[in-house]
Amino acid sequence: MDEQVYKYIFWFVVCCFSSVITSISGGGGMLSLPALIYLGLPDAFILGTNKVILTTASITATFKYHQKGLLKINRQLIIACCISLVMAIFGAELSKMMNAKFMLYLLLAIILFLFLLEWYNRKHPKPEGKYDDSVPSKVVFPTAFFIGLYSGFFGPGTSVICFFILSFFSNIPVMVNVAFSKSLAMISSTAALSFFMMEGLVYWDYGLVGIVGAFTGSWIGAELVMKVDPKKVKAFFNVILILFLIKTLYDLSQY
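Here's a quick rundown of the structure.

### A short note on the overall build of the chain
Along the chain, the regular secondary structure elements total 10 helices and zero strands. Starting at the N terminus and ending at the C terminus, the chain contains elements arranged as α-α-α-α-α-α-α-α-α-α. For the chain, the residues scored as buried account for 51% of the 255 residues in total. Of the contacts formed within the chain by residues at least 6 apart in sequence, a portion of 83% connects residues at least 24 apart. Of the roughly 12400 Å² that the chain leaves accessible, carbon and sulfur atoms contribute 70%.

This is the structure we're talking about:
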């Protein structure tokens, strides 16, 4: 079998597995991005090609969450998505002026901030059972602004970051939070992908193989997460955050 075929098969498997993670919590880019580096893609095409996979996984998962009634399309969500979309485009432009080391330090600061929020939540737990399916606009819109900017500017763990922010500032059920966070990640990721496509920075042979793998993995992941205890889903987010911290510290050690 041709070596290129093996590469496509390897990439398909990676996209399936990473998209299961992306659809549940986000963070699948930690697997797919290094895989593209291993496959030998030019540096300029790595982020754009990876966005194809992340966007596909986010769109599929968001559709599944809406289908299951976890995501309600209303005026607040539409405005939040518009804010996120505009800021993602701005963030993608801004990213061209920043170097990778600065981005990693920024990511480290954000992760440590999220750990601080989680520690505070553990010390001051919210009352059990007092959930509200809606999130105040004064929380949603600033979150959409920041998430869109971050996704376009850098991107890793957009859904994870959004989940922890909404968990801290609101009291919505875990699964509703997962669905809402995924919808904002989907919009911002789509906007950033559009930017990379216009710049011609996508390898479409790997992109098309990845779309099939991402669709398959995210469909499976969205089905799985809806059958799991919400407390275990929250624990999964904590594990992903710890992995982000380890990965970021490792990347910084290489400089």
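### Overview of a nonpolar patch on the surface
Among the surface-exposed residues, V5, Y6, I9, F12, V13 and V212 lie close enough to one another that they form a single nonpolar patch of about 510 Å² accessible area. Looking at the nonpolar patch, the element that brings in the most residues is helix α1 (residues 3–24), giving five residues. Along the chain, Y6 falls in helix α1. Taking the relative accessible area as the measure of exposure, Y6 reaches 49% and is therefore partly exposed.

### Some points on the environment of V225
Within the element layout of this structure, V225 appears in helix α9 (residues 204–225). Of the residues examined, V225 reaches a relative accessible area of 3% and is grouped as buried.

### Remarks on the pattern of salt bridges
Summed over all chains, the structure comprises one salt bridge. Here E223 and K64 are joined by a salt bridge, their closest N and O atoms 2.4 Å apart. Residue E223 is found in helix α9, and its partner K64 is found in helix α3 (residues 43–67); the two are separated by 159 residues along the sequence. On the basis of relative accessibility, which here comes to 3%, the residue K64 falls in the buried class.

### Thoughts on the nonpolar core
Counting 47 residues, the largest nonpolar core has Y65, L114, V160, I161, F164, F180 and L184 as the members making the most contacts within it. When neighbours within four sequence positions are excluded, L114 is seen to be in contact with I161, F164, I165 and L241. By size, the runner-up hydrophobic cluster in this structure holds 18 residues, among which are L41, L193, V202 and Y206.

### Concerning the side chain of T62
In this fold, T62 is placed in helix α3. Among the polar contacts listed, one links the side chain of T62 to the backbone oxygen of K182, at a separation of 3.5 Å. Beyond its immediate sequence surroundings of up to four residues, T62 is in contact with L71, K182, S183 and M186.

### Some points on the packing of aromatic side chains
Overall, the coordinates contain 10 aromatic pairs when judged by the stated rule. Ring centres of F146 and Y150 lie 6.3 Å apart, and the angle between their planes is 20°; on these two criteria the pair is classed as stacked. Placement of the pair is F146 and Y150 together in helix α6 (residues 137–153), with a separation of four residues, close to one helical turn. Overall, the relative accessible area of 2% leaves Y150 in the buried class.

### Focus on the packing of α1 against α3
Running from N to C, α1 and α3 cross one another at 45°; their axes reach a closest spacing of 9 Å. The angle between the axes of α1 and α3 places the two elements in the oblique class. Every pair of crossing elements has a handedness; the one defined by α1 and α3 is right-handed. On α3, the residues that touch W11, C15, S18, S19, T22, S23 and I24 of α1 are I53, L54, A57, S58, A61 and Y65. Looking at the contact of α1 with α3, its residues break down into eight nonpolar, five polar and no charged.

### Details of the packing of α6 against helix α7 (residues 158–169)
When two helices pack together, you describe them by how their axes are tilted relative to each other and by the distance separating the axes. Remark: α6 packs on α7, axes separated minimally by 10 Å, with the N-to-C direction vectors making an angle of 160°. Looking at the two axes, α6 sits roughly antiparallel to α7. In the crossing of α6 with α7, the sense of the turn from one axis to the other is right-handed. Between α6 and α7, the residues in contact are V139, T143, F146, I147, Y150 and S151 and T158, I161, C162, I165, L166 and F169, respectively. Grouping the amino acids of the contact of α6 with α7 by side-chain chemistry returns nine nonpolar, three polar and no charged.

### Quick look at α9
A rise of 1.5 Å per residue sets the reference length of α9, with its 22 residues, at 32 Å; its end C-alpha atoms lie 30 Å apart and thus fit the reference within 8%. Taken together, the buried positions of α9 are occupied by Y206, G207, G210, G213, A214, G217, S218, G221, A222 and V225.

Rules used throughout
- Residues numbered from 1 in each chain as written.
- Predicted model: local features only at pLDDT ≥ 70, side-chain atom pairs only at ≥ 80, totals over all residues.
- Heavy atoms only, no water.
- Helix = DSSP H or I, 4+ residues; strand = E, 2+ residues; numbered from the N terminus.
- Buried < 20%, exposed > 50% of the residue type's maximum accessible area, 1.4 Å probe, protein only.
- Contact = heavy atoms within 4.5 Å.
- Areas by Shrake-Rupley, 256 points an atom, 1.4 Å probe, with all protein chains shown as cover.
- Patch = residues over 30% accessible without salt bridge, like charges linked within 9 Å, V, L, I, M, F, W, Y side chains within 5 Å.
- Salt bridge = Lys/Arg side-chain N within 4 Å of Asp/Glu carboxyl O.
- Core = buried A, V, L, I, M, F, W, Y, C linked by side-chain atoms within 4.5 Å.
- Polar contact = N/O pair within 3.5 Å; in protein donor to acceptor, adjacent residues only side chain to side chain.
- Phe/Tyr/Trp six-rings, centres within 6.5 Å; stacked < 30°, edge-to-face > 60°.
- Axes fitted to C-alpha atoms, helices over the stretch in contact; angles between N-to-C directions.
- Parallel < 35°, antiparallel > 145°, perpendicular 65-115°, else oblique.
- Left-handed = near helix turned anticlockwise from the far one by under 90°.
- Nonpolar A, V, L, I, M, F, W, Y, C, P; charged D, E, K, R; others polar.
- Expected span 1.5 Å × (residues − 1).

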